[in-house]
Amino acid sequence: MDDLAALRWLVEAGADEAIGETPLDRFAALPPPPPVAAPAAKAPARTASLVPPAPAAAPPTLAAPQPAAQAELAARAAATAARTLAELQAAVAAFEGCALKATATNLVFADGNPAAPLMLMGDAPRADDDRAGTPFAGDMGVLLDRMLAAIGRGRDSVYIANLIPWRPPADRQPTAAEIAACLPFARRHIALAQPKMLVLFGELAARSLLGTGEGIIKLRGRWKSYEDPALPAPIPVLATYHPWYLLKQPLQKRDSWSDLLSIKQKIAEL
């Protein structure tokens, strides 16, 4: 076979690439990588200032809430200083010792005739009272008006107030500290009005002003004597169910009717 024939046979056999005369060792070590240039030296850090930084401003200090004992003393002083009902209302409006003031919409001070012989005092304002700024408003007030009409009375012939002059949030029960802060104003309210009779609506007003631990079920319907050094003489006082309670428990209206008749009779004896 000549050279041309041998080359043709190799191409047909698949040997179509030229191979060098010297074999290539593919397992030989790879050449070393090129040297990496050393990083440039950083500039020297700037010398810190010798002047110390200004201290951070202290956060504002919030006023601590008034302790209960201090609030009660302040309430007594403010109430005693009031010589008229107008001065008492101004003192209550300016008082900062009861947290209920911050959450209420209006001060609920009084309604009716301050010269009336019969004074009615409830426990605390509800939502309707808070919006109107007067005690016994809304459906509760409608019921009270009907109760008074049943014994020949109206709002112009009675004087109405509350033990607590601000509505507790969500009509919750006032705390002991809130009651203690408001009680001096309620006592002064009675002393300045000088009614001949006092009717307490609800357990909170009855227990606080009568200084007893008995509940309203035991207290209602029993005439007692309310005494205060600021009054010229003790006055008869009767505890009965609150109109707000009667709206929820209408079956108790029978006992309330009995109390109303007793009040009517006592008024006739004055």
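In what follows, the structure referred to is the one given above.
Residues numbered from 1 in each chain as written. Predicted model: local features only at pLDDT ≥ 70, side-chain atom pairs only at ≥ 80, totals over all residues. Heavy atoms only, no water.

We now examine the environment of Val92. Relative to the helices and strands, Val92 is located in helix 3 (residues 85-94). Sequence separation between Val92 and Leu107 is 15 residues, and the spatial gap between their C-alpha atoms is 8.4 Å. (Helix = DSSP H or I, 4+ residues; strand = E, 2+ residues; numbered from the N terminus.)

Next up on the list: the pairing of strand 4 (residues 197-201). In terms of burial, strand 4 is largely enclosed, as five of its five residues are buried. Side chains of strand 4 alternate between two faces, with Met197, Val199 and Phe201 and Leu198 and Leu200 buried alike. In the sheet, strand 2 (residues 118-122) pairs with strand 4 via four bridges, with the strands oriented parallel. Each bridged residue has a counterpart across the sheet, and for Leu118 the counterpart in strand 4 is Met197. (Buried < 20%, exposed > 50% of the residue type's maximum accessible area, 1.4 Å probe, protein only. Pairing = 2+ DSSP bridges.)

Our next topic: the packing of aromatic side chains. Within the structure shown, the criterion is met by three aromatic pairs. An angle of 70 degrees between the planes, with centres 5.1 Å apart, marks the rings of Phe95 and Phe185 as edge-to-face. With a gap of 90 residues between them, Phe95 in the loop between helix 3 and helix 4 (100-103) and Phe185 in helix 7 (residues 176-193) connect regions that are remote in the sequence. One exposure class covers both Phe95 and Phe185, and it is buried. Ring plane angle 40 degrees and centroid distance 5.2 Å describe the contact between Tyr241 and Tyr245, whose orientation is recorded as tilted. Here Tyr241 falls in the buried class, since its relative accessible area comes to 5%. For Arg126, the ring lying beneath its charged end belongs to Trp244, and the centroid distance is 4.2 Å. (Phe/Tyr/Trp six-rings, centres within 6.5 Å; stacked < 30°, edge-to-face > 60°. Lys NZ or Arg CZ within 6 Å of the ring centre and 35° of its normal.)

With that settled, the discussion passes to the nonpolar core. In terms of nonpolar packing, the biggest core is built from 62 residues, with Leu120 and Ile263 touching the most fellow members. Per-element tally for this core: the top contributor is helix 7, with eight residues. Excluding its chain neighbours within four sequence positions, the residues that come into contact with Leu120 are Leu144, Leu148, Val158, Tyr159, Ile160, Ala161, Val199 and Phe201. (Core = buried A, V, L, I, M, F, W, Y, C linked by side-chain atoms within 4.5 Å. Contact = heavy atoms within 4.5 Å.)

A word on empty space enclosed by the protein. According to the stated counting rule, one finds three cavities of 30 Å³ or more in the structure shown. Lining the largest cavity, in full, are Leu88, Val92, Val108, Phe109, Asn162, Leu163, Pro165, Phe185, Ala186 and His189. Mapped onto the lining of the largest cavity, the elements with two or more residues apiece are helix 3 and helix 7. If you tally residues by element for the lining of the largest cavity, the top one is helix 7, at three residues. Partitioning the lining of the largest cavity into residue classes produces eight nonpolar, two polar and no charged. If you add up the space inside the second largest cavity, you get close to 40 Å³. Lining the second largest cavity are Leu118, Leu120, Leu144, Met147, Leu148, Ile151, Val199, Phe201, Leu260 and Ile263. Among the elements that take part in the lining of the second largest cavity, helix 6 (residues 138-150) stands out by supplying three residues, more than any other. Here the lining of the second largest cavity is built from residues that sort into 10 nonpolar, no polar and no charged. (1 Å grid on protein atoms, 1.4 Å probe; cavity = no way out; pocket = protein on both sides within 12 Å on 5 of 7 lines; lining within 4 Å. Points joined across faces, edges and corners; volume = space filled by probe spheres on them. Nonpolar A, V, L, I, M, F, W, Y, C, P; charged D, E, K, R; others polar.)

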